[in-house]
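# Structural characterization, general
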Amino acid sequence: MINRRQILAGAAALTGTLAAPMVRAQGKPRVVVVGGGAGGATAAKYIAKDSQGAIKVTLVEPKDTFTTCFHSNLYLGGFKSFDEITHRYDKLASAYGIRHVRQWATAVDRSKREIVLADGSRLGYDRLVLAPGIDLKYDSVPGWGKDAEEVMPHAWLAGPQTQLLRRQLDAVKDGGVIVMIAPPNPFRCPPGPYERVSMMAHQLKASGRTRAKIFVLDPKESFSKQGLFQQGWERHYPGMVEWIGPKVHDGIKSVDPKTMTVTTGFETYRDCALVNVIPAQSAGRIARDAGLANASGYCPIDPESMKSTLDPAIFIIGDASIAGDMPKSGFSANSQAKVAAMAIRGELTNSRTFPARYANTCWSLIAPDDTVKVGGRYEPKPDKITAAETFISKTDETAEYRRQVQQENIGWYAGIVADMFT
Amino acid sequence: MSERRFLSRHARAIGLSGIAALLALASMAPAWGEKHRPRGDAAFGEYLSSLCVTCHQASGQATAGIPPIVAWPEDQFIAVMHSYRDKQRENIVMQNIAAPLSDEEIAALAAYFGGLAIRPKIQ
């Protein structure tokens with residue numbers, strides 16, 4: 001059945017405004033999307049949906065399901081099951097005709113405009129969307145590394161690590177010491193470590209382990225929503241959480257997974273019941289290896305389109321990009337994906353495009369029905385994506401208002417996963 | 001009957017080329033076109049809507065804390081968005097989203113969401 005968009009497109013074609021010569025003389029233009037997270041899944045869907053079959057879209061993602069980093073803290077806190085934060089990709093194929101290639105993309109051959117897959121085969125593209133997310137810098141915390149992540153989990157890539165952290169939390173005895181090593185800027189999900197601390201404290205309190213203590217060793221002088229979190233910790237978890245900034249701890253000198261010891265310039269934490277190391281981060285390797293990152297380890301983009309400033313056939317969205325004032329969040333990645341999708345559709349089909357607009361909101365659960373939010377609206381400026389107007393929760397909000405904000409948080413999650421996967 | 005409703009009602013019967021011809025006729029006849037043109041630009045609204053559907057379900061389904069916004073009368077949609085833009089209605093996220101929207105953009109969103117049908121919940 002014909003829909004209204006086709007009517008509009010038909011009408012526009014007749015008047016000549018949306019005539020759509022293809023970039024390739026033969027066959028449809030091809031877009032490859034690498035990475036099926038909040039950025040990649042959204043980009044694949046919107047390019048396929050809005051081009052109505054005029055663009056061939058391939059999503060390269062090795063997994064059949066995606067576990068969201070967002071709300072993985074709610075799993076840790078017992079508010080959601082693991083299944084509730086895990087979603088299938090199959091509707092992207094059945095509803096939008098996207099081809100899902102279940103392999104790792106290992107390299108980008110920019111000169112040939114091809115992606116190299118793990119089995120050695122290649123996929124050609126006219127436009128490439130790179131949404132590889134972050135890589136962890138395993139060498140950023142002395143004594144910790146890939147071989148230590150099963151003992152001292154990071155749980156910063158949602159999946160088995162998230163479940164491991166939950167099991168370790170469940171095993172902490174009353175009076176046990178938990179150390180979280182927080183990451184330096186810039187990193188995925190700025191309020192995430194502190195929501196995680198809140199959810200750990202909630203689990204401990206809810207199970208009567210109120211003599212357990214969480215030390216947060218932070219390399220940063222301050223953190224997202226700091227006043228709101230610290231007020232919440234005092235209110236809900238008195239004596240259970242201590243945040244320690246770099247002036248006090250004087251540097252994280254080393255960790256020892258064998259003895260569960262964390263040593264700072266100021267103090268040594270021995271026989272820890274749980275050590276959560278959230279290391280420094282960079283753009284996913286495939287983007288860095290392709291020469292698309294700068295010295296920061298992340299990828300510069302054109303604020304109008306999310307196009308790489310280093311390759312006009314490649315768009316980089318989500319955590320791997322340098323998105324100016326936008327935080328690295330699932331919401332941001334989803335927003336950036338839509339701008340990139342529009343720009344790509346416009347370039348490949350000469351169809352109508354509009355000025356870029358970006359938005360983000362991050363909700364954080366501190367305790368049951370006590371949720372705060374931070375967010376904003378962002379605009380492309382010549383040098384970077386720039387905050388136009390931002391907002392943050394206040395410390396004097398009523399309990400009823402905070403409960404409503406938690407309802408928003410739950411509704412937003414349902415919305416974004418529907419937007420990504422259905 | 002508006003041009004848009006007329007077209008969607010008769011789309012199946014007259015086919016794409018017929019519709020295109022009708023629209024071409026409309027564009028050649030400004031009086032008819034002006035009178036019957038939808039108030040908002042639904043194609044523009046569809047683009048702008050991508051900001052909305054990160055939270056609000058495009059299916060029109062209600063979820064906890066996030067109301068459905070599909071298939072509203074356009075006037076009502078416009079009035080609600082103006083009240084957020086003017087900061088009369090509370091909700092800091094909606095005030096922030098509505099703040100930069102022009103009357104034309106709000107009308108475009110109203111036309112787009114107003115023209116969608118509520119779809120059954122996807123399991």
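Because the structure is predicted, anything quoted here is derived from the model rather than measured.

### Description of the overall build of chain B
Looking only at helices and strands, chain B features six helices and zero strands. Reading chain B from its N end, one meets helices and strands in the order α-α-α-α-α-α. Of all 123 residues assigned to chain B, the portion counted as buried reaches 46%. With an accessible surface of roughly 6,400 Å², chain B has 57% of that area assigned to carbon and sulfur atoms.

### Description of the overall build of chain A
Along its length, chain A carries eleven helices and 24 strands. Buried positions account for 58% of the 422 residues belonging to chain A. Residue pairs in contact within chain A that sit at least 24 positions apart in sequence constitute 68% of those at least 6 positions apart. Accessible area for chain A stands at about 16,300 Å²; split by element, carbon and sulfur atoms hold 51% of it.

### Quick word on the sheet that holds strand β6 (residues 105–109) of chain A
Residues and elements named next belong to chain A. Read across the open sheet, the three strands follow the order β6-β7-β8; overall the sheet is antiparallel. The open sheet terminates on both sides in strands that have one partner only, identified here as β6 and β8 (122–124). For this sheet the average axis-to-axis angle between neighbouring strands, irrespective of direction, equals 25 degrees. Bridge analysis of strand β7 (residues 114–117) against β8 gives three bridges, and the strand direction is antiparallel. The residue bridging E114 from the neighbouring strand is G124, located in β8.

### Quick notes on the nonpolar core
The biggest cluster of nonpolar side chains holds 136 residues, and the ones touching the most others in it are I115 and L130 of chain A. Tallying contributions element by element places helix α10 (residues 330–349) of chain A first for this core, with ten residues.

### Section: the sheet that holds strand β17 (residues 274–277) of chain A
Residues and elements named next belong to chain A. Taken in spatial order, the four strands make up an open sheet running β13-β12-β11-β17, and their pairing is parallel. At either margin of the open sheet sits one strand with a lone partner, and together these are β13 (241–244) and β17. Averaged over neighbouring strand pairs, the angle between their axes works out to 15 degrees when direction is ignored. Lying on the sheet, helix α6 (residues 192–206) is in contact with β11 (177–181), β12 (213–217), β13 and β17; it crosses β12 at an angle near 170 degrees.

### A closer look at the pairing of β17 of chain A
All names here are of chain A. Side chains L274 and N276 of β17 all project onto a buried face; the interleaved residues V275 and V277 project onto the opposite face, where all are buried too. Where β11 lies against β17, four bridges are found, and the strand directions are parallel. Counterpart to V179 in the pairing with β17 is V275.

### Some thoughts on the confidence of the model for chain B
Scored by pLDDT, chain B comes out at a mean of 76, with 67% of its residues at no less than 70. Throughout residues 1–37 of chain B the model reports pLDDT below 50, and contacts reaching past four residues in sequence, or to other chains, amount to 38 contacts.

### A short note on the side chain of Q281 of chain A
Residues and elements named next belong to chain A. Secondary-structure assignment places Q281 in strand β18 (residues 281–283). Within the structure, the side chain of Q281 is placed 2.9 Å from the backbone nitrogen of R188, a separation counted as a polar contact. Of note is the side chain of Q281, whose polar atom sits 3.1 Å from the backbone oxygen of P279. Excluding its chain neighbours within four sequence positions, the residues that come into contact with Q281 are I134, D135, L136, K137, W156, P183, P186, F187, R188 and Y298.

### Section: the packing of aromatic side chains
Taken as a whole and judged by the stated rule, the model has 21 aromatic pairs over all chains. Here the aromatic rings of W72 of chain B and F77 of chain B are separated by 5.8 Å at their centres, their planes lie at 70 degrees, and the arrangement is edge-to-face. Owing to a relative accessible area of 24%, W72 of chain B belongs among the partly exposed residues under this scheme. Given a relative accessible area of 3%, F77 of chain B falls into the buried group. An aromatic cluster is defined as three or more aromatic residues linked by ring pairs; in this entry it consists of F70, F331, W363, W412 and Y413 of chain A. In this structure, K328 of chain A is placed above the aromatic ring of Y298 of chain A, and the distance from its NZ or CZ to the ring centre is 3.9 Å.

### Overview of the state of the cysteines
Scanning all chains against the criterion turns up zero disulfides over all chains. The cysteine C52 of chain B is free of any disulfide, with C55 of chain B supplying the nearest cysteine sulfur at 9.1 Å.

### A look at helix α7 (residues 226–236) of chain A
All names here are of chain A. Among all positions of α7, only Q226, L228, F229, G232, W233 and H236 are buried. The buried residues of α7 occupy one face: seen down the axis, they fall within an arc of 165 degrees. Summarising the contacts, the buried residues of α7 are in contact with α6, β13, β22 (358–367), β23 (370–380), β24 (385–392) and α11 (399–421).

### Description of the environment of Y84 of chain B
Residues and elements named next belong to chain B. You can see Y84 is positioned in helix α4 (residues 74–85). A residue is classified by how much of its surface remains accessible, and Y84, at 11% relative accessible area, is buried. The spatial distance from the C-alpha of Y84 to the C-alpha of A99 is 7.6 Å, given a sequence separation of 15 residues. Ignoring anything within four residues of it in the chain, the contact list for Y84 reads R89, E90, N91, M94, Q95 and A98. A polar side-chain atom of Y84 sits 3.2 Å from a polar atom in the side chain of R89.

### A look at the pairing of β23 of chain A
All names here are of chain A. In terms of burial, β23 is a largely internal element, nine of the eleven residues being buried. Linkage of β22 to β23, two consecutive antiparallel strands, is achieved through a turn of two residues, within which D369 is found at a positive phi near 60 degrees. Across seven bridges, β23 lies against β24 in antiparallel orientation. Note on β24: the bridge partner recorded for G375 is F391. Between β23 and β24, which follow one another and run antiparallel, lie four residues.

### Side note on the packing of helix α3 (residues 42–49) of chain B against helix α6 (residues 103–114) of chain B
Residue and element names in this part refer to chain B. At their nearest, the axes of α3 and α6 sit 7 Å apart, and the two run at 90 degrees to each other. Classified by the interaxial angle, the pair formed by α3 and α6 is roughly perpendicular. Here A42, F44, G45, E46, L48 and S49 of α3 lie close against α6, whose contacting residues are E104, E105, A108, L109, A111, Y112 and F113. For the contact of α3 with α6, a count of residues per class yields eight nonpolar, two polar and three charged.

About the cut-offs
- As a convention, each chain's residues are numbered from 1 in the sequence order in which they are written.
- Chains carry letters from A onward and ligands carry numbers from 1 onward, assigned in written order.
- At least 70 in pLDDT is required for a residue's local features to be given in this predicted model, at least 80 for side-chain atom pairs to be given and counted, and no such filter applies to totals for whole chains, interfaces and linings, which use all residues.
- To obtain the side-chain values, all non-hydrogen atoms of the structure were included, while hydrogens and water were left out.
- Numbering of helices and strands runs from the N terminus, with a helix taken as a DSSP run of H or I at least four residues long and a strand as a DSSP run of E at least two residues long.
- Categorising residues by exposure relies on relative accessible area from a 1.4 Å probe, with only protein chains included: less than 20% of the type maximum marks a residue as buried, more than 50% marks it as exposed, and the intermediate range marks it as partly exposed.
- Note on areas: these come from Shrake-Rupley sampling with a 1.4 Å probe, and a residue is covered only by the protein chains present in the view.
- Throughout, a contact is declared for two residues whenever any of their heavy atoms are within 4.5 Å.
- Criterion used throughout: strands pair if DSSP finds at least two bridges between them.
- Between N-to-C directions, angles span 0 to 180 degrees; the directions come from axes that are lines fitted to C-alpha atoms, helices contributing only their stretch in contact.
- For this analysis, a nonpolar core means a set of buried residues of the types Ala, Val, Leu, Ile, Met, Phe, Trp, Tyr and Cys, connected via side-chain atoms within 4.5 Å.
- Scored between 0 and 100, pLDDT is the confidence that the predictor attaches to each residue.
- Polar contact is defined as a pair of N or O atoms within 3.5 Å, subject to the rule that within protein one atom must be able to donate a hydrogen and the other to accept it, and that residues adjacent in sequence are counted only when both atoms are side-chain atoms.
- Stacked, edge-to-face and tilted labels apply to pairs of Phe, Tyr and Trp rings (six-membered ring for Trp) whose centres lie within 6.5 Å, assigned for plane angles under 30 degrees, over 60, and everything in between, in that order.
- Look at NZ for Lys and CZ for Arg. If either is within 6 Å of the ring centre and within 35 degrees of the ring normal, a charge sits over the ring.
- Whenever a pair of cysteine sulfur atoms sits within 2.5 Å, that pair is classed as a disulfide.
- Here the arc refers to the set of directions running from the helix axis out to each C-beta atom.
- Angle categories: roughly parallel below 35 degrees, roughly antiparallel above 145, roughly perpendicular from 65 to 115, and oblique for all the rest.
- Lys, Arg, Asp and Glu make up the charged group, whereas Ala, Val, Leu, Ile, Met, Phe, Trp, Tyr, Cys and Pro make up the nonpolar group; the residues left over, Gly among them, are polar.

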